[in-house]
Amino acid sequence: MKILVINCGSSSLKYQLIDMENEKVLGKGLVERIAIEGSKLTQTAEGKETFVLEAEMPTHTEAIKFVFDALTDKEHGVVESLDEISGIGHRVVHGGDKLAEPVIVTPEVKDIILQFAEFAPLHNPANLMGIEACEENAPGKPNVAVFDTAFHQTMPDYVYMYPIPYEYYKKYHIRKYGFHGTSHKYISYQLAEVLGKDREEVNAVSLHLGNGSSLCAIKDGICYDTSMGLTPLEGLSMGTRSGNIDPSVVTYLMEKENLTPAQMSDILNKKSGVLGVSGLSSDFRDLEEAANTENERAELALDMFVLRVKRFLGGFMAELGKCDAIVMTGGIGENGITMRKAVLENMEHLGITLDEQRNDVRGKVQEISGEDSKVKVFVIPTNEELMIARDTLSLIQ
Ligand code: ADP
């Protein structure tokens, strides 16, 4: 069976067609500048030349039509007809507290995606456009929604509640939801395999460190706590997001600078984090390069990031009680040799040691902890698309 995975943004769309017999990617692509002049589709497939198509794509419906055309193209395509595709899995960011598992899309599911768009205004509406574009272009084909929030739905109430008046939880569904769930779930499955354990035996902390970063405390194979919250703004400092700060900073700045909620949200989501502190870049490679030439603010931004990762890692280990492993994933977790070292340094008292030689690795599964490390540390590349495809397959079967 072949499953198409779609990750739809407001003006871009990523896709992968996966053969589930061997979990191999048959073809993948990116559509950029949807609804903007200069729309472009780029598709790559093993053994084929990169296919680039420039055409007008005023909405996601046209974009999806071009994706289907590219996948079935005589010369550049990877399947003969759409009949070969058994189902379509969609990444959806926010499923709120209504959807704890991947689901086949129905009108009710679409209503829930819209309801929680309030908490993910940049993502949910775009995710829904992708689903509807597939429904239009391939009527009758099953569409499955896989939510970033789903894996975190097992958190107990005392973990997901915020200590604010209870009525706001009742009235507005304000609570911690968590994100990157598909990645953390994939990591929990891979880790079980690596450790040779059943999934229910996995007690670990998963660190997804990328442009957006989050940690997940996994207890007996399911999520116990995670660092992101109502929205992906909570937790670590990130590329452009502030993560946790004293909430009074927000009210104080709004008053002093006469900022609207939208302006304040923009500052916290897009102008903060390592970008805001360094004034230089949100990209960790740029910051490491600058820090090497003694750029003090780049150093400060990196030190602040590392401190926060340690803070959450230590906190989650304390929460878990029993922690067999730590996993590093995401662009920084998989490739950032220096960042991994900085995070894991001086943690012997928590039973963690690093083997610097083993740590000299990028983008593959490897244990990087020392022989004497009580807690094993692994690099495991994440694969959200494959997790979505697996979830889609198990639902449509
Ligand atoms: P996203 O959250 O957008 O999916 P990624 O998971 O791709 O992001 O992570 C992007 C981050 O990973 C960037 O900050 C980038 O600098 C960092 N990164 C990628 N390769 C390296 C590397 N070799 N060393 C350090 N950081 C890296």
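Here goes a summary of the coordinates provided. Residue numbers here run from 1 along each chain, matching the order of that chain's written sequence. Two thresholds apply to this predicted model, a pLDDT of at least 70 for residue-level local features and 80 or more for giving and counting side-chain atom pairs, whereas whole-chain, interface and lining totals are computed over all residues. Water and hydrogen atoms were dropped before computing side-chain values, which therefore reflect all heavy atoms in the structure.

Here we come to the environment of Val-25. Within the fold, Val-25 resides in strand E3 (residues 24–32). Under the relative-accessibility criterion, Val-25 is labelled partly exposed at 39%. Linking Val-25 and Glu-294, residues 269 residues apart in sequence, is a C-alpha distance of 42 Å. Whether two residues are in contact is decided by their heavy atoms: any pair within 4.5 Å suffices. Setting aside its immediate chain neighbours within four residues, Val-25 contacts Gln-16, Leu-17 and Ile-18. Secondary structure counts use DSSP, requiring at least four H or I residues in a row for a helix and at least two E residues in a row for a strand, with both numbered from the N terminus. Exposed residues in this analysis have more than 50% of their type's maximum accessible area, buried residues have under 20%, and partly exposed residues fall in between, with area computed by a 1.4 Å probe over protein chains only.

With that settled, consider the site of the ligand. Near the ligand there are 13 residues, and of these Asn-211, Asp-283, Phe-284, Arg-285 and Gly-331 occur at the shortest range. Side-chain polar atom of Asn-211 to an oxygen atom of the ligand: 3.0 Å apart, as the coordinates give it. Any pair of nitrogen or oxygen atoms within 3.5 Å is treated as a polar contact; in protein, a donor-acceptor pairing is required on top of that, and neighbouring residues in sequence qualify only through side-chain atoms on both sides. Take Asp-283: an N or O atom from its side chain is 2.5 Å from an oxygen atom of the ligand. When the ligand is considered free in solution it has 580 Å² of accessible area, and contact with the protein chains removes 71% of it. If you list the elements that add at least two residues to the shell around the ligand, you get helix H10 (284–292) and helix H12 (330–335). Take the shell around the ligand: its biggest share by element is four residues, from H12. Nearness here has a simple test: a residue counts as near a molecule or strand if at least one of its heavy atoms is within 4 Å of that partner. Per-residue and other accessible areas follow the Shrake-Rupley method at a 1.4 Å probe size, with only the shown protein chains counted as cover for residues.

Another aspect to go through is the sheet that holds strand E10 (residues 213–219). Paired through backbone hydrogen bonds, the strands of a sheet run either parallel or antiparallel to each other. For two strands to be treated as a pair, DSSP must find at least two bridges joining them. An order of E11-E10-E9-E12-E14-E13 is seen for the six strands of this open sheet, with the pairing classed as mixed. The open sheet terminates on both sides in strands that have one partner only, identified here as strand E11 (222–226) and strand E13 (366–367).

Before going further, it helps to examine the packing of aromatic side chains. Whether two aromatic rings pair depends on their centres lying within 6.5 Å, for rings of Phe, Tyr and Trp, where Trp uses its six-membered ring; planes under 30 degrees apart make the pair stacked, over 60 edge-to-face, and the rest tilted. Overall, the coordinates contain nine aromatic pairs when judged by the stated rule. When the ring of Phe-312 is compared with that of Phe-316, the centres are 5.7 Å apart and the planes differ by 80 degrees; the resulting orientation is edge-to-face. Highlighted residues: Phe-312 and Phe-316, both in helix H11 (residues 296–320), separated by four residues, approximately one helical turn. Per residue, the accessibility class of Phe-312 equals that of Phe-316, and both read buried.

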